[in-house]
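This is what each chain is made of:
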Amino acid sequence: MSASSLLDLFESGGGAEKKGTYVEVVLPLPLAKLYTYSVPFHLKEWLQKGVRVEVQLGRQGRYAGLVYSITEEKPAYQTRPIISVLDDFPVVTEEQFRLWEWMSTYYLCSMGELMAAALPAGLKLAGESKLLLAENYEAKPWMQLHQELPGDEALVIEQLQKKRELSLSDIQRMLKLKSVHKLVKSLLDKQLVQLKEELQERYKPKMEDWVALAPPYELNNPSSIKEAFDVIGSRAHKQIDTLMAFMQLGREQKEVRKKELYERAKIDSALLKKLVDKGIFSIYQKELSRLDDYDGEAEGNYALSEQQQQAYESCLQHFADKKAVLLHGVTGSGKTQVFVELMEHYIGQGQQVLYLLPEIALTAQIVGRLQKHFGDQILVYHSKFNNNERVEIWRAVQEGVPIILGARSALLLPFQSLGLILVDEEHDPSYKQQDPAPRYNARDTAVFMAHLHGANILLGSATPSLESYQNALEEKYALVQLDQRFGGLALPKIEIVDLGEQQREKRMHGIFSGHLLDALKETLANGEQAILFQNRRGYAPLYRCKSCGWTTECKDCDVSLTYHKYSNNLRCHYCGYQRSLPKSCDACGSHELEIIGFGTEKIEDELQIFLPDARLERMDWDTVRGKNGHDRLINRFADGQIDVLIGTQMVTKGLDFDNVGLVAVLSADQMLQFPDFRANERAFQLMTQVAGRAGRKKKQGRVLIQAYQAEHEILREVLQHNFQQFQQRELAERRSFKYPPFQRLIKIQFKHKKRDQLLMAAEWGAKFLQSRLGDRVLGPAEPSISRVRTYYLMDLLIKLGRGGKSLRAAKDKIRDMQELLRQKDGLSGLRVVIDVDPY
DNA sequence: AGCACGCCGACT
DNA sequence: GTCGGCGTGCTC
């Protein structure tokens, strides 16, 4: 008997179904469509939209799929039955489905990709989960098992006692069951077993010991207390003291931490154990959320400045009209305090608040500050949390936790009663997801989401994106401004250092101008700190032959390798390829190779020569790897353990230090030369943001920007803190060159390992679209980096007016093109990546 | 994501 | 001459 006929036997349990029930299921995979499964009669009553069902896909893949719709319509193809229903209640809300639908249409991605991005892995349970005995399970004899448990369950436990682990299919085979999920769920509920997936994540909720009076003793019952003292006896002074200390603590707070009792009564675990043994106390454990962990002093609400108060009130006014608000507040103007006030307002009305920040700005600093105000009303969500934590957060949001502070993906959580979304640093490019689909922009999606929930939305930034600013100019958004720094502090004083001039005057010391070195020395002499910004990591971006100009390139990508001194090798920043240094030039054999340019590593290295006593640290992707690397570095800087912090973009985001006297941009030219229509905007934002790190709280800070193009208009605008002029000039340029925010862009990237095939596909695709969309289709063009990770690349750019009609039409054509390319022979191995509103 | 089917190198 | 490398396509 063939394998397929075996499968058929297994599948068609119900015989000839006439009018069965079917479900369309979303699977967490990049599948273009929803898959339809049949529903066995006995599972019908458990079905509802949004619950997960266990289904088989392909030969043996098991997935938790999401029920998207329930229909009577029998599809044309043979269906498989769902195996079980996994939830009693929907895990995904109606609003989430609507959001996914919108995102999949707008960003041209599949529902499955959204599901994969949204659901924490713990809710996706795919593949072969292994079952283990629970950690605290104690082996029991066979007889006892069979008395305590139903036959099947006892059998499984018995096997587990022998074999340590069983896969779900092992169990299925062993018991000849169709579905093992019910059985597994029951065993999990009884806490006899655990799934191995969770074990691998190694997540253990933090537990903390608490102390309570053991029954029958009660704190508020004097006679029972007296009894307790009698039990202790009059000679055990230390124990009497302990009970008294406990009563004192019990009056101050609802519950008593073991740790606190130790401190208050000056006892240790031995003594407490005596009291537990006597039946006076009992110990219980409570899960300690990361966020409760914070034990700082409570901070009173400090009053808003007059300007902040006005901003707050005008936000509320605009919200009453259901308008989105763009809050443009200069660095240091105290936007966060306005946010805090607004958050209070909404949670006071029992609504949820979503506070979005770029991942990297989500530092202990800002989290801590918000915790001071909101305590455990706030939950943090970002990519560093593991599966189990994410499941916990998912559930907490479903149960209505008031505030979620999170990065991009927090948008995909199951909000129940969302009242307000805050998008902080709204200009930040990292709101746009780049690589795996869904390639969504969280800021823009948040605007739709607010609409969906009938919620309000506030976008905040010191350097608003031109998209948002244009929306404000068109009065789609209301604009609220904070143009003064909090506490009347002046904006930092910015100076441009003309590197050409410095060079002519022989005032350069390697990569540092004399100006900069003087300023650094002065700053350190004043006991202040400095931040140096260079948007390039590694030591030097080029390793070049002196005689013929040959450079080392990545074998898989079209880029030069960056020299890293620490590891003494060359690395590709696109694919991670590493190689040792070549001894000689591959092209001409010369042994004279030189390094060109500089990154953060070289700055650190060279600066130490000029400032031998200064404590320097570098902050970039190479130094903050690991879960807390970033926070650790920031804390050390905040503590004054570091004099000069040298970093990439990382140092521009969400940091707030008191003692930074000087900020310097080592080379502004690189930012200005970037081949991208957003280069100017990004340069302005980066420099303004990094300048904003200078001189907070105490006194005016100083900023030095080194550049060869010292006359560049962007530099002048940064220098003058002139956002208005920057924005006007740049918007005019965008308008005349037909770029966002006046036109929408869709980038279609073709990838193929073979260059000829790629060109063929790209040409074909371009023709196809040009014949339907005309001259709105540009290209195909080779991107500036034409090969990445062994794939050659070609880009097609579509520029569209802002009307919804042409957008939808274009997207339909793109989908058609994709479909046709898939079917075309001779083009196997082609990948097409569609990026709507690319960054 | 798995997983099976299908074409090119180092082996008995 | 084969075993197996992963590259490609499909899963309701």
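What counts as what
Residues numbered from 1 in each chain as written. Chains lettered and ligands numbered in written order. Predicted model: local features only at pLDDT ≥ 70, side-chain atom pairs only at ≥ 80, totals over all residues. Heavy atoms only, no water. UniProt positions renumbered as here; feature names shortened; annotations may be inferred. Helix = DSSP H or I, 4+ residues; strand = E, 2+ residues; numbered from the N terminus. Polar contact = N/O pair within 3.5 Å; in protein donor to acceptor, adjacent residues only side chain to side chain. Contact = heavy atoms within 4.5 Å. Expected span 1.5 Å × (residues − 1). Buried < 20%, exposed > 50% of the residue type's maximum accessible area, 1.4 Å probe, protein only. Near = heavy atom within 4 Å. Nonpolar A, V, L, I, M, F, W, Y, C, P; charged D, E, K, R; others polar. Pairing = 2+ DSSP bridges. Axes fitted to C-alpha atoms, helices over the stretch in contact; angles between N-to-C directions. Parallel < 35°, antiparallel > 145°, perpendicular 65-115°, else oblique. Left-handed = near helix turned anticlockwise from the far one by under 90°.

As annotated in an unreviewed UniProt entry, chain A is Replication restart protein PriA from Saprospira grandis. Of chain A, the UniProt comment under Sequence similarities (unreviewed entry) reads exactly: "Belongs to the helicase family. PriA subfamily." Reading the Subunit (unreviewed entry) entry of the UniProt record for chain A gives the comment "Component of the replication restart primosome."

**With respect to the side chain of Asn569**
Among the secondary structure elements, Asn569 is positioned in strand β25 (residues 569-571). A polar contact is formed between the side chain of Asn569 and the side chain of Ser567, at a distance of 2.8 Å. Within the local environment of Asn569, its side chain forms a polar contact with the side chain of Gln578, the two groups lying 2.7 Å apart. The residues contacting Asn569, other than those within four sequence positions of it, are Thr562, Tyr563, His564, Gln578, Arg579, Ser580 and Leu581.

**Quick word on helix α21 (residues 514-525)**
Here α21 spans 16 Å end to end across 12 residues, near enough to the 16 Å set by a 1.5 Å rise per residue. Where α21 is concerned, the buried positions are Gly514, Leu516, Leu517, Ala519, Leu520 and Thr523. Among the residues trailing α21, Gly527 stands out with phi positive, at a value near 75°.

**Description of the protein's contact with DNA strand C**
Around DNA strand C, the structure places Leu31, Tyr35, Thr36, Tyr37, Gln56, Leu57, Gly58, Tyr77, Gln78, Thr79, Arg80 and Ser828. Restricting attention to atoms of DNA strand C within 4 Å of the protein, one finds that 48% of them are sugar or phosphate atoms. One of the backbone N or O atoms of Thr36 is found 2.8 Å from a base oxygen in DNA strand C. The backbone of Arg80 places a nitrogen or oxygen atom 2.8 Å from a sugar or linking oxygen of DNA strand C. Those elements giving two or more residues to the surface near DNA strand C turn out to be β2 (35-39) and β3 (52-57). By residue number, the principal contributor to the surface near DNA strand C is β2, which donates 3 residues. Broken down by class, the residue content of the surface near DNA strand C amounts to 5 nonpolar, 6 polar and 1 charged.

**Overview of unusual backbone geometry**
With an omega of 0°, the peptide bond between Ala437 and Pro438 qualifies as cis. With respect to the secondary-structure elements, Pro438 resides in the loop between β16 (418-424) and α18 (442-453). Of note, the phi angle at Leu108 is positive, near 50°, even though the residue is not glycine. Tracing the chain through its elements places Leu108 in the loop between α2 (94-106) and α3 (111-118).

**Remarks on the UniProt feature "binding site: Zn(2+) 1" (unreviewed entry) in chain A**
Cross-referencing UniProt, the feature "binding site: Zn(2+) 1" (unreviewed entry) maps to Cys545, Cys548, Cys585 and Cys588 in the present numbering. What stands out for the annotated residues spanning 44 residues is how close their C-alpha atoms remain, the widest pair being 8.5 Å apart. Classification of Cys585 by relative accessible area gives buried; the value is 3%. The residues touching Cys585, leaving out its near neighbours within four places in the chain, are Cys545, Cys548, Trp550, Ser590 and Leu593. With respect to the helices, strands and loops of the structure, Cys588 is situated in the loop between β26 (578-580) and β27 (593-596). Ignoring any residue separated from it by four or fewer positions in sequence, one finds Cys588 in contact with Cys545, Ser547 and Cys548.

**A few points about helix α27 (residues 723-736)**
For α27, spanning 14 residues, the distance from its first C-alpha to its last is 20 Å, which sits close to the expected 20 Å at 1.5 Å a residue. Three or more residues of α27 are buried, namely Phe723, Phe726, Gln727, Arg729, Glu730, Leu731 and Arg734. Lys738 sits one or two residues past α27 and shows a positive phi near 55°.

**Observations concerning the pairing of strand β22 (residues 529-533)**
Among the 5 residues of β22, 5 are classified as buried, and the element is accordingly described as predominantly covered. Here β22 pairs with strand β30 (residues 660-665) via 5 bridges, running parallel. Note that in β30 the partner of Leu532 across the bridge is Ala664. Relative to strand β29 (residues 644-647), β22 runs parallel, the two sharing 4 bridges. Residue pairing for β29: Ala530 is matched across the bridge by Val644.

**Re the packing of helix α14 (residues 306-320) against helix α15 (residues 335-348)**
The contact between α14 and α15 brings their axes to 9 Å, and the two run at 45°. Comparing the axis directions of α14 and α15 gives the class oblique. Judged by the sense of rotation from one axis to the other, the crossing of α14 with α15 is right-handed. Judged by residue contacts, Gln308, Tyr312, Cys315, Leu316 and Phe319 of α14 engage Gln337, Val338, Glu341, Leu342, His345 and Tyr346 from α15. Here the contact of α14 with α15 is built from residues that sort into 7 nonpolar, 3 polar and 1 charged.

**Observations concerning the sheet that holds β2**
Strand order in the open sheet formed by 5 strands is β2-β1-β4-β3-β5, and the pairing between neighbours is antiparallel. Of all strands in the sheet, those with a lone pairing partner are β2 and β5 (84-85), marking the two edges. In terms of strand pairing, strand β1 (residues 21-26) meets β2 through 5 bridges, oriented antiparallel. Paired with Tyr22 across the two strands is Ser38, which belongs to β2. Those strands touched by α3 are β1 and β4 (61-71), and its axis lies near 120° from that of β4.

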